[in-house]
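Commentary on secondary and tertiary structure
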Amino acid sequence: MKRLGIFLGLTFFLTWALEFALMANGGLVNSYSIFVLSAVMLMPAISVVATRLITKEGFKDFGLKPNLKGNVRYYLIAWFGPALLIALGALIYFLLFPGQFDPTMSQMASLYAAQGVSLPEGTLFTIFITQLALGIFLSPLLNIITTSGEEIGWRGYLLPKLMEMYSPRVSIVISGVIWGLWHAPIIAMGHNYGTGYPTAPWGGILAMVIFCVVVGSFFSYLAIKTKSFLPAAMAHGSLNGMAGIAVFFTLGTPSPFIGPLPVGIIGGIGLIIVGVICFVLVGDEKPAVTE
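Below or above, wherever it landed, is the structure these notes cover. Predicted, not measured: the structure shown is a model, and the values here were computed from it.

1. Some points on the environment of Pro231
- Tracing the sequence through the fold places Pro231 in helix α11 (residues 230–242).
- Sequence separation between Pro231 and Leu76 is 155 residues; the distance between their C-alpha atoms is 8.7 Å.
- Among all residues touching Pro231, those that are not within four sequence positions of it are Tyr75, Ala78, Leu222 and Thr226.

2. Some details on the side chain of Ser47
- Tracing the chain through its elements places Ser47 in helix α3 (residues 43–54).
- At 3.2 Å, the side chain of Ser47 forms a polar contact with the backbone nitrogen of Thr11.
- Apart from the residues within four sequence positions on either side, Ser47 is in contact with Phe7, Leu10, Thr11 and Leu14.

3. Some words on helix α12 (residues 269–281)
- Taking 1.5 Å per residue as the helical rise, α12 with its 13 residues ought to reach 18 Å, and the 18 Å between its terminal C-alpha atoms agrees with that figure.
- Residues of α12 that are buried: Gly270, Leu271, Val274, Gly275 and Cys278. Buried residues in α12, looked at end-on, bunch into an arc of 125°, giving them a common side.
- Among the structural elements, α4 (72–96), α10 (202–226) and α11 are those in contact with the buried residues of α12.

4. Comments concerning the environment of Ala243
- Topologically, Ala243 is positioned in the loop between α11 and α12.
- Put simply, Ala243 and Asp102 are 141 residues apart on the chain and 18 Å apart in space, counted from C-alpha to C-alpha.
- If we skip the residues at most four places from it in the chain, Ala243 touches Ile86, Leu261 and Pro262.

5. Overview of the side chain of Arg155
- Topologically, Arg155 is positioned in helix α7 (residues 144–163).
- Assessed through its relative accessible area of 0%, Arg155 is described here as buried.
- Separated by 2.7 Å, the side chains of Arg155 and Glu151 make a polar contact.

6. Focus: the layout of surface pockets
- Computed from the structure, the largest pocket encloses a volume of approximately 770 Å³.
- Taken together, 32 residues make up the lining of the largest pocket; nearest its centre are Met41, His191, Asn192, His236 and Asn240.
- For the lining of the largest pocket, the leading source of residues is helix α6 (residues 123–142), giving five residues.
- Taken together, the residues that form the lining of the largest pocket break down as 17 nonpolar, 13 polar and two charged.
- Along its surface, the second largest pocket is lined by 16 residues, and Asn192, Val247, Pro254, Pro256 and Leu261 are the ones closest to its centre.
- Of the residues assigned to the lining of the second largest pocket, the class counts are seven nonpolar, nine polar and no charged.

7. Structural notes on α3
- Over its twelve residues, α3 runs 16 Å from end to end, which matches the ideal 16 Å to within 8%, given 1.5 Å per residue.
- Listed in full, the buried residues belonging to α3 are Met43, Pro44, Ala45, Ser47, Val48, Thr51 and Arg52.
- In this structure, the buried residues of α3 make contact with α1 (2–23), α2 (33–40), α7 and α8 (168–182).
- Just past α3, the residue Lys56 takes up positive phi, approximately 55°.

8. Concerning the nonpolar core
- Ranked by internal contacts, the top residues of the largest apolar core, which has 63 residues, are Tyr193, Phe211, Phe219 and Phe248.
- In terms of residue count, the dominant contributor to this core is α10 (eleven residues).
- Aside from chain neighbours lying at most four places away, what touches Phe248 is Asp102, Met105, Met108, Leu124, Ile127, Phe128 and Gln131.

9. Digging into the packing of α4 against α12
- Between α4 and α12, whose axes approach to 6 Å, the crossing angle comes to 130°. By the angle between their axes, α4 is oblique relative to α12. On α12, the residues touching Leu85, Ile86, Leu88, Gly89 and Ile92 of α4 are Ile269, Gly270, Leu271 and Val274.
- Considered class by class, the residues forming the contact of α4 with α12 number seven nonpolar, two polar and no charged.

10. So, a nonpolar patch on the surface
- A cluster of nonpolar side chains, namely Met1, Met165, Tyr166 and Val170, defines an oily patch on the protein surface of about 380 Å² accessible area.
- The exposure class of Met165 is partly exposed, given its relative accessible area of 34%.

11. What to know about the pattern of salt bridges
- One pass over the structure, following the stated rule, counts five salt bridges.
- Lys161 serves as the salt-bridge partner of Glu57, at 2.7 Å between the closest nitrogen and oxygen. Here Glu57, found in the loop between α3 and α4, pairs with Lys161, found in helix α7; they are 104 residues apart in sequence, far enough to count as distant. Comparing Glu57 with Lys161, the two get one shared label, buried.

Conventions we followed
Residues numbered from 1 in each chain as written. Predicted model: local features only at pLDDT ≥ 70, side-chain atom pairs only at ≥ 80, totals over all residues. Heavy atoms only, no water. Helix = DSSP H or I, 4+ residues; strand = E, 2+ residues; numbered from the N terminus. Contact = heavy atoms within 4.5 Å. Polar contact = N/O pair within 3.5 Å; in protein donor to acceptor, adjacent residues only side chain to side chain. Expected span 1.5 Å × (residues − 1). Buried < 20%, exposed > 50% of the residue type's maximum accessible area, 1.4 Å probe, protein only. Arc of directions from axis to C-beta. 1 Å grid on protein atoms, 1.4 Å probe; cavity = no way out; pocket = protein on both sides within 12 Å on 5 of 7 lines; lining within 4 Å. Points joined across faces, edges and corners; volume = space filled by probe spheres on them. Nonpolar A, V, L, I, M, F, W, Y, C, P; charged D, E, K, R; others polar. Core = buried A, V, L, I, M, F, W, Y, C linked by side-chain atoms within 4.5 Å. Axes fitted to C-alpha atoms, helices over the stretch in contact; angles between N-to-C directions. Parallel < 35°, antiparallel > 145°, perpendicular 65-115°, else oblique. Patch = residues over 30% accessible without salt bridge, like charges linked within 9 Å, V, L, I, M, F, W, Y side chains within 5 Å. Areas by Shrake-Rupley, 256 points an atom, 1.4 Å probe, with all protein chains shown as cover. Salt bridge = Lys/Arg side-chain N within 4 Å of Asp/Glu carboxyl O.

Treat this as a map of the structure, not an account of what it does.
Okay, structure coming up:
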């Protein structure tokens, strides 16, 4: 419990210090915000290393070993699963709200034009195909450094420590709530949900907590089954790489709480279903997550 306290104290202090500094200097419109948001993703991993050094715990059970034997299917699920689930959620959303589906991508073209970028005919579709291909096939690898920065902490350290005291399901819920609350300052700045909704920022923070519990169930299942944080980091990378793909075909300003982005309840319906299934499948036993 002492080690958990040190880890969480360091993680929240380092992360929130950077984010509140960003908030005091323009928030997400600050030209350095992308670098700050990338840096904070590394804070859980840095805190794990610091905690292991401070408490002399060592690095034997760090979770870096991939354990591929007998687990290739989980890595395939991690690599391609989030992309397929995000596409499914967007498809369902546009079927329910066809008026917001824009096959010509005119709104995206207007955004480029507003920035002074003139795109030749067909270029926007090429951009979409390129981003889609990168999201499906390469984002788990391209994002692995920053997502490992989080997953070393959440699924590689926090989850197994909780599972020493609680059942996997209880541990998943607790770790998901902590992960969601960790996002609170950037949600308050408008990340994912904006700022123009009636319950801002608390409604967005609550939605993020729920999202992290659901998605955390999926990531935790992969980590528990493989005894490694790596597939969770890959799935996290896929999620980040594909999260905004539906924007290309979206007309108007839909509610972020509904969709088509995966943080919405309809846009994220595939992730919700899989998260619930994983939560059920993980059971109540207490296997070790890392070795």
